[in-house]
Amino acid sequence: MTRVSLVRGDITEQQVDAVVNAANSSLLGGGGVDGAIHRRGGPEILAECRALRASRYGKGLPTGQAVATTAGRLPARWVVHTVGPVWSREEDRSGLLASCYRESLRLAGELGARTVAFPAISTGVYGWPMADGARIAIETVRETETAVEEIRFVLFDEPAYEAFAAQVG
Ligand code: AR6
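Residues numbered from 1 in each chain as written. Predicted model: local features only at pLDDT ≥ 70, side-chain atom pairs only at ≥ 80, totals over all residues. Heavy atoms only, no water.

A.B. asks: I'd love a proper account of the overall build of the chain, names of residues and values included.
C.D. replies: From N to C terminus, the chain includes five helices and six strands. Secondary structure elements in the chain, listed N-terminal to C-terminal, are β-β-α-α-β-β-α-β-α-β-α. Radius of gyration (C-alpha) of the chain: 14 Å, near the 15 Å computed for a compact globule of 169 residues. When its C-alpha atoms are laid out on the principal axes, the chain stretches across 40 × 35 × 30 Å. (Helix = DSSP H or I, 4+ residues; strand = E, 2+ residues; numbered from the N terminus. Rg over C-alpha atoms; globule rule 2.2 N^0.38 Å.)

A.B. asks: Summarise the nonpolar core; cite the residues concerned and give the values.
C.D. replies: With 31 residues, the main nonpolar core has Tyr 101, Val 116, Phe 118, Phe 153 and Phe 164 as its most contacted residues. No other element matches the seven residues that helix α3 (residues 94-111) contributes to this core. Those residues in contact with Phe 118 that lie beyond four places of it in its chain are Ile 11, Val 20, Tyr 101, Ser 104, Leu 105, Ile 151, Arg 152, Phe 153 and Val 154. In terms of nonpolar packing, the next biggest core, distinct from the first, is built from 18 residues, Val 16, Val 19, Leu 27 and Val 67 among them. (Core = buried A, V, L, I, M, F, W, Y, C linked by side-chain atoms within 4.5 Å. Buried < 20%, exposed > 50% of the residue type's maximum accessible area, 1.4 Å probe, protein only. Contact = heavy atoms within 4.5 Å.)

A.B. asks: Explain α3 to me, and be specific about the residues and the numbers.
C.D. replies: Over its 18 residues, α3 runs 26 Å from end to end, which matches the ideal 26 Å to within 8%, given 1.5 Å per residue. Among all positions of α3, only Ser 94, Leu 97, Ala 98, Ser 99, Cys 100, Tyr 101, Ser 104, Leu 105, Leu 107 and Ala 108 are buried. Two residues or fewer past α3, Gly 112 is found with a positive phi of approximately 100°. (Expected span 1.5 Å × (residues − 1).)

A.B. asks: Break down the pattern of salt bridges for me, citing the residues and quoting the values.
C.D. replies: Per the counting criterion, the structure on display carries nine salt bridges. The salt bridge involving Arg 3 is made with Glu 150; its shortest N-O contact spans 3.5 Å. Here Arg 3 is found in strand β1 (residues 3-8), whereas its partner Glu 150 is found in strand β6 (residues 150-155), with 147 residues between them in sequence. Across the salt bridge formed by Glu 139 and Arg 135, the nearest N and O atoms sit 3.3 Å from each other. Here the residue Glu 139 and the residue Arg 135 both occupy positions in helix α4 (residues 130-143), the gap between them amounting to four residues, near one helical turn. The partly exposed category is assigned to Glu 139, whose relative accessible area is 37%. With relative accessibility at 30%, the residue Arg 135 sits in the partly exposed group. (Salt bridge = Lys/Arg side-chain N within 4 Å of Asp/Glu carboxyl O.)

A.B. asks: So what about the packing of aromatic side chains? Which residues, and what values?
C.D. replies: Across all of its chains, the model carries five aromatic pairs by this definition. With a centroid separation of 5.2 Å and 75° between ring planes, the pair formed by Trp 87 and Trp 128 is classed as edge-to-face. Of this pair, Trp 87 sits in the loop between β4 (78-83) and α3 while Trp 128 sits in the loop between β5 (115-118) and α4, and the two are 41 residues apart along the sequence. The class for Trp 87 is partly exposed, based on a relative accessible area of 32%. You can call Trp 128 buried: its relative accessible area is 3%. Taking 6.1 Å as the distance between ring centres and 55° as the angle between the ring planes, the aromatic pair formed by Tyr 101 and Phe 153 counts as tilted. Within this pair, whereas Tyr 101 is found in helix α3, its partner Phe 153 is found in strand β6, the two being separated by 52 residues in sequence. For Phe 153, a relative accessible area of 0% corresponds to the buried category. Each member of the aromatic cluster is reached from another via a ring pair, and the members are Tyr 101, Phe 118, Phe 153 and Phe 164. (Phe/Tyr/Trp six-rings, centres within 6.5 Å; stacked < 30°, edge-to-face > 60°.)

A.B. asks: Please give an account of the site of the ligand that cites residues and values.
C.D. replies: With respect to spatial proximity, 22 residues lie near the ligand, and among them Asn 24, Gly 31, Val 33, Asp 34 and Thr 123 are the closest. Between Val 33 and the ligand, the recorded distance is 2.8 Å, taken from a backbone N or O atom to an oxygen atom. The backbone of Val 125 places a nitrogen or oxygen atom 2.8 Å from an oxygen atom of the ligand. Burial of the ligand by the protein chains amounts to 90% of its free accessible area of 700 Å². (Near = heavy atom within 4 Å. Polar contact = N/O pair within 3.5 Å; in protein donor to acceptor, adjacent residues only side chain to side chain. Areas by Shrake-Rupley, 256 points an atom, 1.4 Å probe, with all protein chains shown as cover.)

Right under this line is the structure:
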């Protein structure tokens, strides 16, 4: 049985097997969760990201996909980098957002992770409305078969926590 839990806090402080990063296609860092992970995790993470860009992902990591690196100095074993879609009013990109959760969970499971921490992907710089982002996150992880035992959503502020709590019921 997989347990879905919610905590309010900073994802870089979570003691889990895998931490999911809300990255961008370049894999070379940015603000928000991405900036915090690289800052706290140290240069080993960026070194592996650069190696990925020099090999499998010459054009960058496509939106909706996931790839793993070391977690460097974070209290975790792996960082799973995924690229959320930028919110659009004109186009429904929710399939891509669901894919981020599904692919990250699949990869974490393949690595042997038993605990995985997710941020609210795309709900920061990428502008996805929090309530809808929370709905997609919870629905998707509930629908995905996995050997991961705990899926922990780490919400940065109270409104984000409340939005996820409303979905978990
Ligand atoms: N721990 C947990 N949640 C956090 C943290 C943290 N330390 N910091 C921010 N959040 P964002 P995106 C929340 O912008 O929307 C970067 O520049 C935040 O409040 O990190 O997917 C990347 O390089 C929000 O609810 O990710 C990309 O270019 C959620 O995490 C771009 O931002 C996601 O916000 C990706 O944008």
